[in-house]
Amino acid sequence: MAATGAERESSEPGGCDDPRLDARLAGPTRVVLVAAAALVDVDNRVLLARRPPGKPLAGLWEFPGGKVGPDETPEAALVRELQEELGIDTATACLAPFTFASHRYPEFHLLMPLFVCRKWRGIAAAREGQELAWVRKQRLRDFAMPPADVPLVAMLQDLL
């Protein structure tokens, strides 16, 4: 007898009811909240920043942003981080919530809202030893990224 669609789906490795998924997500872990921005310029390019040597995940490219501090909203943290890391000024009203990443690393679970920002003052410059690249949507997959950032690329490509 042929399996139904539901039976096929439930038996696939990595499916929604795969017990291995629950095992990977089980157990206590701290949640780290990080806010990130897809800065999109007038040519529809996206700014990526390369993590500098000495930092975790060094050499990988990511969307600019940083940790949300105590009593800080993700939007306020992102405005602060963009000023500190890139020397650009924007307002929370210029940050459009887009999507988020939820990814478990060995030491913590990352929750990262991604905002799209098309309006800011100043010219983005690397202020913390990172390398910067303005990237066309077709080339976003050419840049090695942390696991949490990878699923965001397809969604961003669809938007642009």
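Residues numbered from 1 in each chain as written. Predicted model: local features only at pLDDT ≥ 70, side-chain atom pairs only at ≥ 80, totals over all residues. Heavy atoms only, no water.

I keep staring at the overall build of the chain and nothing clicks. Help me out?
Looking only at helices and strands, the chain has four helices and seven strands in total. Helices and strands in the chain line up, N terminus first, as α-α-β-β-β-β-α-β-β-β-α. Counting only residues that meet the buried cut, the chain has 39% of its 160 residues in that class. Summing over all exposed atoms, the chain offers an accessible surface of approximately 9300 Å²; the carbon and sulfur share of this is 56%. (Helix = DSSP H or I, 4+ residues; strand = E, 2+ residues; numbered from the N terminus. Buried < 20%, exposed > 50% of the residue type's maximum accessible area, 1.4 Å probe, protein only. Areas by Shrake-Rupley, 256 points an atom, 1.4 Å probe, with all protein chains shown as cover.)

Hey, could you run me through the pattern of salt bridges in this one?
Pairs can form between side chains of opposite charge whenever their charged atoms are close. In the structure shown here, the tally under the stated rule is seven salt bridges. When the shortest N-O distance is used, the salt bridge between Asp41 and Arg45 registers 2.7 Å. Residue classification places Asp41 among the buried positions, given a relative accessible area of 12%. Ionic pairing is found between Arg80 and Glu84, a salt bridge with its closest N-O pair at 3.4 Å. Of this pair, Arg80 and Glu84 both sit in helix 3 (residues 74-86), four residues apart, which is roughly one turn of that helix. Overall, Glu84 belongs to the partly exposed group, its relative accessible area being 37%. Each of Glu72, Arg80, Glu81 and Glu84 takes part in one network of salt bridges that share partners. (Salt bridge = Lys/Arg side-chain N within 4 Å of Asp/Glu carboxyl O.)

Help me understand helix 4 (residues 150-159) in this model?
An α-helical turn contains 3.6 residues, so a residue and the one three or four places further along point in the same direction. Three or more residues of helix 4 are buried, namely Leu152, Val153, Leu156 and Gln157. Down the axis of helix 4, the buried set is contained in an arc of 135°. They therefore lie on one face. Turned more than 90 degrees away from the buried face of helix 4, the exposed residues are Pro151 and Asp158. The elements touched by buried residues of helix 4 are strand 1 (31-39), strand 2 (46-50), strand 5 (95-104) and strand 6 (109-117). (Arc of directions from axis to C-beta. Contact = heavy atoms within 4.5 Å.)

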